[in-house]
Amino acid sequence: MVGGGGGDLLGSLPDEVLQHVLSFLPSREAVQASALSHRWRDLWRSTPAVRVPGFDAGHTHGLEQAFPTFVNRFLLLRDGASPLCSLEIDVDLSDGDNYGENDHNHAFINKQFDLWIRHAAPTCRTLALAACISCKPEMLRLEARPLAASRHLTTLRLSCVKLGGGSLDFSRCPALLQLDLWGCDVDVEAIASPSLQGLSVVDCNLVPWPRRTTTATRISTPSLRRLQLSDCVGGALPCLESTPSLTTAIVRLSGDKREDRGTHCLILDALSEATTLELTASSYDGQVIFQRDLRWCPTFSKLKTLILNEWCVYDDETALATLLQHSPILENLIFELSTNCPYKLKVIRSYNTWEQLTFQHLKTVEIRCQVVSSKVYKVLKVLSACGVPLGKINIQGTTSQFECFNFVCTGFSSKEC
């Protein structure tokens, strides 16, 4: 950039500012920027972030060498004295005809992927490693061991990667605060970290350990404050150990999880310290897991916001009552109802009246739906049986032409569809 006086305003900035600006570019473009002037020649070597996006699928000739060669040379020539705050590498295996289905190429890039982690983990603060793939069998595989030692690592994000080989033990990563696993195959005995505060396991295949048994992956994270376990499949849900520091948890169960570990709480017990909790199920098996856990339902002594969906008012109308009875200071209750249930439900036609609860802390109940229908009416019947005052209930949705109920100031009447 040249100013009115002919000076190079951008070039006059301090090196550390220019390096910060270059860190927002893909690393290949940061290197190309060295051609701008003699002063820019070596700035890319000291950028605090390395970002290597997947290769261009339209240029596949020599691909198995060009992409890892660039990453290897970039990491090798980078100034080792400059702090590396972030390393983001996206390996694209989606072009199966030219790359992903070639066993030799896949093995080659898998080996390089492992080396990059070994090189970066000891000094990097944020590692974000992704593999864009066309099918699960072509996932890159990482053994647990290369991820196990770093004094600086605070954030680790892995996407579409196979994790296997023992345990993900981060006891030698004392600064690790956030671990995100997206679309991964998780085939490890345990995930353990004394420092971890945020854990997201989304759309992952949770493989029982070892494969010939139904033993679940153990999660030991005593400092955990935020948990998201969403839309995972596989033979066994992870076994959550005590999380006394937990404040927020999202558990969305889907898929086929028919394992039965019999005589103890599977999920809810580890979530008992949460202040905000979402428990939703989009499959019959997810519904069964929640309902089974309620046999040993803990007291949620700190819970203020609870988000649910249909699972707690169908088949077993006592589920919602149990949750309310074990949430003594609950302030906000939210139902997120879908237009069509993704699984077949046996609807309870009669509703009992349980011992009336006081709900002295309850501020509002929200029922969120696209269309107000008989499903909403059934939720209201259960809430009424629990003693929830109707004046605290707010329904967000449009009324269909087959309106199933009418509200009055002191109550409601209904005509079931």
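Residues numbered from 1 in each chain as written. Predicted model: local features only at pLDDT ≥ 70, side-chain atom pairs only at ≥ 80, totals over all residues. Heavy atoms only, no water.

Digging into the nonpolar core
Ranked by size, the top nonpolar core spans 100 residues in total, and within it Leu 271, Leu 279, Leu 308, Trp 311, Leu 333, Phe 335 and Leu 383 carry the most contacts. If one sorts the elements of this core by residue count, helix H8 (residues 374–386) sits on top with six residues. Among residues more than four places away in sequence, those in contact with Leu 279 are Val 251, Leu 268, Leu 271, Phe 290, Leu 306, Ile 307, Leu 308, Asn 309 and Trp 311. Judged by nonpolar contacts, the second largest core, of five residues, contains Leu 22, Ala 33, Trp 40 and Leu 43. (Core = buried A, V, L, I, M, F, W, Y, C linked by side-chain atoms within 4.5 Å. Buried < 20%, exposed > 50% of the residue type's maximum accessible area, 1.4 Å probe, protein only. Helix = DSSP H or I, 4+ residues; strand = E, 2+ residues; numbered from the N terminus. Contact = heavy atoms within 4.5 Å.)

Quick look at empty space enclosed by the protein
Applying the stated rule across the entire model yields two cavities of 30 Å³ or more. Here the largest cavity is characterised by a volume of approximately 50 Å³. Residue composition of the lining of the largest cavity, grouped by class: seven nonpolar, one polar and no charged. (1 Å grid on protein atoms, 1.4 Å probe; cavity = no way out; pocket = protein on both sides within 12 Å on 5 of 7 lines; lining within 4 Å. Points joined across faces, edges and corners; volume = space filled by probe spheres on them. Nonpolar A, V, L, I, M, F, W, Y, C, P; charged D, E, K, R; others polar.)

Some thoughts on the pattern of salt bridges
Applying the stated criterion across every chain yields a total of 10 salt bridges. Between Lys 302 and Glu 273 there is a salt bridge, and its shortest N-O distance comes to 3.0 Å. Of the two residues, Lys 302 sits in the loop between helix H6 (284–293) and strand E19 (305–308) while Glu 273 sits in the loop between strand E17 (248–253) and strand E18 (276–281), which places them 29 residues apart along the sequence. Of the residues examined, Lys 302 reaches a relative accessible area of 38% and is grouped as partly exposed. Judged by relative accessible area, which is 25%, Glu 273 ranks as partly exposed. Here the salt bridges share partners, and the residues they tie into one network are Glu 336, Glu 366 and Arg 368. (Salt bridge = Lys/Arg side-chain N within 4 Å of Asp/Glu carboxyl O.)

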